[in-house]
Amino acid sequence: MTELDKRQDRSPVPQGWTYAPAPESTDVVRLQDRYGLYIGGEWLAAKEHFTTISPRDEAPLAEVAQASEADVHKAVAVARDAFQSWSKLPGSERAKYMFRIARILAERSREFAVLESLNGGKPIKESRDVDLPLAAAHFFYYAGWADKLEYAFPNRTPKALGVAGQIIPWNFPLLMLSWKIAPALAAGNTVVLKPAETTPLTALLFCDVLRQAELPPGVVNIVTGDGSTGAALVDADVDKIAFTGSTEVGKAIQRRLAGTGKKLTLELGGKAANIVFDDCAIDQAVEGIVNGIYFNQGHVCCAGSRLLVQESIYEPVVEKLKQRMATLRVGDPLDKNTDVGAINSREQLERIEELVAAGKEEGAEIYQPPCKLPEKGYWFAPTVFTNVAQSYRIAQEEIFGPVLSVLTFRTPDEAVEKANNTPYGLSAGVWTEKGSRILWMAQHLRAGVVWANTFNRFDPTSPFGGYKESGFGREGGLHGMEPYLDFE
Amino acid sequence: MSGRLPVKKTYKLYIGGAFPRSESGRTYEAQDQNVARASRKDVRDAVQAARGAQPKWAAATAYNRGQVLYRIAEMMEARVPEFAELCSGKDEVHRAIDRWVWYAGFADKLSQVLGGTNPVAGPYFNFTIPEPTGVVATIAPDEPPLLGLVSRIAPVLTGGNAVVALASETQPLAAIELAEAIATSDVPGGVVNLLTGHRAELAPWLASHMDVNAIDVTGADGLRAELETAAAENVKRVVSGKPDSQSLYEISAFLELKTVWHPIGV
């Protein structure tokens, strides 16, 4: 083999070599046995509790409060009280609290990253390098808006709304918390936030950040619980609901709020097409495909779960994809080498299994690389389906797992037609070296975010949100301020 | 009996650039005229026409859209006395005409004001542009019959959407007069569809239609909760504005924001 060949040999691991374990220490995390509700800057005892576990081994981590309707009402009342003074605080002072929060999150990032992986199952590499830096950056970005709102919306006078009720999902627990809380506080609102049932711990640890930042009591309140807690929050005396989660629940919330005059933003499901043209840089595209669907076990609303490959390069792309999948390290989320961690919950694992079974039944061809899954915990091997028809459930429904469906197309028109052929419209990917085609595709894809020659990139300055049944409203950027403001 | 007998107008619907009667054959009396009473089937035909026409309207250059909207103002100016008889008078007509002119001039400016580039922390070029949400259903207010309708549909069209509008139920004649001005204004058939009839009967079909992307409930007093509930079935954007406002934000209410990323590198 020549030196050049060696350099082009992309197999990351020479035959026969294995990775030594590289476990991240969990010492940095100190958990309480039992958590109450964080209301008015204090921990209030709840009547009922449930156990939150780690999906990597099903080990119990802590007891968490199940907030009742009365608890939620109390939190909202406290938030409403706090609104009086918080909204009157000069924007520059609100900003300083938020800058503090951003800084403390960065300072304590190791602790948060470990806890995020422990409670949610995502690889430590991702919580450390994606979730935490972005969460801190989000607070830093929106802190700067707090005293500059009059520059944001020409010819309008912005005003805080009041109390924002926020319901977040389990796939990026702390990051979604920051997407919700940061713009709300910058606008001068107070917040009652409900974390996802399976991933409450980083939100509860965040309360300690609020303590350290000396945020006035009642400005942010955290109520944990299941769907009934979320429903109570929707019905409570809030001025706005911001929800990220499934389209089904989003529709139920929209119905529930009909005629109430409460403001609403929804960030719901997706079934993104990742479109690969025959003139693309194939190796880069394959990396993008893998990142698009196996990032965070595919627990990503904007995941590139439908691969649309131009027919002429179908075979090499699928071949390279399978080779690349075989190098993915699936296993302990706390291992620094892990690429694909644990499935978040048993319930989610069952949903993935059900849809994968449906895919096989409907006639799609399944491929999973050989990988040894741990015995305990919730796991699903990276999966790709070929021979998929558009009508199959795996091509229509959001799986929210590491499962990719491959379809083909011949012309750009056909690619657009297929990409847009779902009720969703959250994101899309395009891979081609031709600039005019990128712009043409970007114009025709009905999706809120289009990644061209990249995928799954996020930034606080970049608006994110869906078309059609993927929801309405944007989070991130200047546009992410609007849903938290009232205008004269 | 002296002089000639005037030819009276049949007041019809405006769907897909044509003026059909209601397929139901029904009419109702308003402003001393028989007016078409649209049916559920007419609603569906109008939505279909709007869906068919929308992509081309959205793809027209912003400059072109502005010119076409300005042309509506020109056509109305030629019919001021006719319009004045069908609404509160000349003042309302003048304001409606000026409203078209104002929005016409915004067509090629709104993406600069509402969009932009985003300074992401990485080697990417990232920009956000506003795009039309698609097909919009407008429940126009009863009052003012002309200015209310124009104020609600002009921003929708400026953004590149197609519209199915339900006219004032009590004073629908100005809407039909407007349809005739629009039909001679280079607005492609199907971009604007105007229905007359009973709001309580028709609005729920618009709210529940799966191919409508947004609904403006400004004129839907008393029906709002019902319409908003039905709208959730396909996560419609629900907009409630003022009957005669004029603002950039009336346009942005019917826009989506699309953000595009591309790596920067050599």
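Computed from a predicted model, the values in this text were never measured in an experiment. (Residues numbered from 1 in each chain as written. Chains lettered and ligands numbered in written order. Predicted model: local features only at pLDDT ≥ 70, side-chain atom pairs only at ≥ 80, totals over all residues.)

(A) Molecular detail of the overall build of chain B. Assigned secondary structure in chain B consists of ten helices and ten strands. Judged by the C-alpha coordinates and their principal axes, chain B covers about 85 × 40 × 30 Å. By the burial criterion, 53% of the 266 residues in chain B qualify as buried. (Helix = DSSP H or I, 4+ residues; strand = E, 2+ residues; numbered from the N terminus. Buried ≥ 20, exposed ≤ 12 C-beta atoms within 10 Å, placed from the backbone.)

(B) Expanded view of the overall build of chain A. Looking only at helices and strands, one finds 15 helices and 19 strands in chain A. Computed over the C-alpha atoms, the radius of gyration of chain A is 23 Å, within 12% of the 23 Å expected from 2.2 N^0.38 for a compact globule of 488 residues. Counting across all 488 residues of chain A, residues that qualify as buried make up 57%. Counting only contacts in chain A whose residues sit at least 6 apart along the sequence, the fraction spanning at least 24 positions is 73%. (Rg over C-alpha atoms; globule rule 2.2 N^0.38 Å. Contact = placed C-beta atoms within 7 Å.)

(C) Structural context of the domain arrangement of chain A. Residue and element names in this part refer to chain A. If you check the domain split of chain A, you get domain 1 (37-268 + 467-487) and domain 2 (273-452). Centre-to-centre, using C-alpha coordinates, domain 1 lies 30 Å away from domain 2. On the side of domain 2, 26 residues touch domain 1, which itself brings 21 residues to the contact. Among the elements of the structure, helix 4 (109-120) and helix 5 (124-145) are those that each provide at least two residues to the side of domain 1 that touches domain 2. Per-class residue counts for the side of domain 1 that touches domain 2 are six nonpolar, six polar and nine charged. (Domains from an automatic or database assignment. Nonpolar A, V, L, I, M, F, W, Y, C, P; charged D, E, K, R; others polar.)

(D) Looking closely at helix 11 (residues 314-325) of chain A. With twelve residues, helix 11 of chain A should cover 16 Å at 1.5 Å per step; its first-to-last C-alpha distance of 16 Å lies within 8% of that length. Elements that come into contact with the buried residues of helix 11 of chain A comprise strand 11 (273-276), helix 10 (282-294), strand 12 (306-310) and strand 14 (383-386) of chain A. (Expected span 1.5 Å × (residues − 1).)

(E) Representation of the interface of chain A and chain B. The partner chain B presents 26 residues to the 35 residues of chain A that form the contact. Looking at the side of chain A that touches chain B, the elements that each hand over two or more residues are helix 9 (247-257), helix 15 (435-444), strand 17 (449-452) and strand 18 (471-472) of chain A. Tallied by class, the residues present in the side of chain A that touches chain B amount to 16 nonpolar, eleven polar and eight charged. Bridging between strand 17 of chain A and strand 10 (residues 255-263) of chain B involves three bridges; their strand directions are parallel. Looking at strand 10 of chain B, one finds that Val449(A) is bridged to Thr259(B). (Pairing = 2+ DSSP bridges.)

(F) Layout of the sheet that holds strand 5 (residues 135-139) of chain B. Residues and elements named next belong to chain B. Judged by pairing direction, the sheet is parallel, and its five strands sit side by side in the order 7-6-5-8-9 without closing on themselves. Edge strands, defined here as strands with exactly one partner in the open sheet, are strand 7 (192-195) and strand 9 (237-239). Averaged over all pairs of adjacent strands, the angle between strand axes in this sheet comes to 15°, irrespective of strand direction. Pairing of strand 5 with strand 6 (residues 162-166), which is carried by five bridges, proceeds in the parallel orientation. Bridge pairing in strand 6 places Ile139 opposite Leu166. Its contacts with the sheet put helix 8 (residues 199-208) on strand 5, strand 6, strand 7 and strand 8 (214-216), and the angle it makes with strand 6 is roughly 155°. (Axes fitted to C-alpha atoms, helices over the stretch in contact; angles between N-to-C directions.)

(G) How the structure looks around the pairing of strand 3 (residues 48-53) of chain A. Residues and elements named next belong to chain A. Pairing of strand 3 with strand 4 (residues 60-66) involves six bridges; the strand directions are antiparallel. Residue pairing across strands places Ile53 opposite Pro60, the latter belonging to strand 4. Hairpin connection, strand 3 to strand 4: the antiparallel pair is bridged by six residues, and Glu58 has positive phi, about 65°.

(H) Here's a closer look at the environment of Asp486(A). Residue and element names in this part refer to chain A. You can see Asp486 is positioned in strand 19 (residues 485-487). Linking Asp486 and Ala187, residues 299 residues apart in sequence, is a C-alpha distance of 9.4 Å. Discounting residues that sit within four places of it in the chain, Asp486 has contacts with Lys159 and Leu161.

(I) Looking closely at the nonpolar core. Core analysis: the biggest nonpolar cluster contains 180 residues, and Met98(A) and Leu206(B) have the highest contact counts within it. The leading source of residues in this core is helix 6 (residues 173-187) of chain A, at eleven residues. Look past the residues within four positions of Met98(A) in its chain and what remains in contact with it is Phe139(A), Tyr142(A), Ala143(A), Ala146(A), Ala182(A), Leu185(A) and Ala186(A). (Core = buried A, V, L, I, M, F, W, Y, C linked by C-beta atoms within 7 Å.)

(J) Spotlight on the sheet that holds strand 13 (residues 365-367) of chain A. Taking strand neighbours across the sheet as the criterion, the ten strands line up as 13(A)-14(A)-15(A)-12(A)-11(A)-16(A)-17(A)-10(B)-4(B)-3(B) in an open arrangement whose pairing is mixed. Edge positions in the sheet fall to strand 13 of chain A together with strand 3 (116-117) of chain B, since each of these pairs with one other strand and no more.

(K) Summary view of the pairing of strand 4 (residues 124-132) of chain B. Side-chain alternation along strand 4 of chain B places Tyr124(B), Asn126(B), Thr128(B), Pro130(B) and Pro132(B) on a buried face and Phe125(B), Phe127(B), Ile129(B) and Glu131(B) on a face that remains uncovered. The loop that links strand 3 of chain B with its antiparallel partner strand 4 of chain B comprises six residues.

(L) Representation of the packing of helix 6 of chain A against helix 7 (residues 201-213) of chain A. Residues and elements named next belong to chain A. Packing of helix 6 against helix 7 brings their axes to within 8 Å, and their N-to-C directions diverge by 55°. Between helix 6 and helix 7, the interaxial angle falls into the category oblique. Crossing geometry of helix 6 relative to helix 7 is assigned as right-handed. Contacts between helix 6 and helix 7 involve Pro173, Leu174 and Leu177 on the former and, on the latter, Thr202, Ala203 and Phe206. (Parallel < 35°, antiparallel > 145°, perpendicular 65-115°, else oblique. Left-handed = near helix turned anticlockwise from the far one by under 90°.)

(M) Spatial organisation of the environment of Ala22(A). Mapped onto the secondary structure, Ala22(A) falls in the loop between helix 1 (3-8) and strand 1 (37-39). Non-local contacts of Ala22(A), meaning those with residues more than four positions away in its chain, are made with Asp335(A), Lys336(A) and Asn337(A).

(N) Looking closely at unusual backbone geometry. Between Glu143(B) and Pro144(B) the backbone carries a cis peptide bond, its omega angle lying at -15°. Among the secondary structure elements, Pro144(B) is positioned in the loop between strand 5 and helix 6 (147-158). Here the phi dihedral of Asn387(A) falls at roughly 60°; this positive angle occurs in a residue that is not glycine. With respect to the helices, strands and loops of the structure, Asn387(A) is situated in the loop between strand 14 and helix 13 (393-396). With a phi angle near 60°, Phe400(A) is a residue other than glycine that sits in the positive phi range. Here Phe400(A) is to be found in the loop between helix 13 and strand 15 (403-409). Of the residues examined, Phe400(A) has 24 C-beta atoms within 10 Å and is grouped as buried.

(O) How the structure looks around the confidence of the model for chain B. Of the residues in chain B, 100% have a pLDDT of 70 or more, and the chain-wide mean is 97. Prediction confidence for the complex, expressed as pTM and ipTM, is 0.96 and 0.95 respectively. (pLDDT = per-residue confidence, 0-100.)

(P) Representation of helix 4 (residues 90-104) of chain B within the structure. Residues and elements named next belong to chain B. Along its 15 residues, helix 4 runs 21 Å from first to last C-alpha, staying within 8% of the 21 Å computed at 1.5 Å per residue. Within the span of helix 4, buried status applies to Glu92, Val93, Ala96, Ile97, Arg99, Trp100, Tyr103 and Ala104. One side of helix 4 holds all its buried residues, which, seen down the axis, span an arc of 150°. Next to the buried residues of helix 4 lie helix 2 (62-77), helix 3 (80-86) and helix 6. (Arc of directions from axis to C-beta.)

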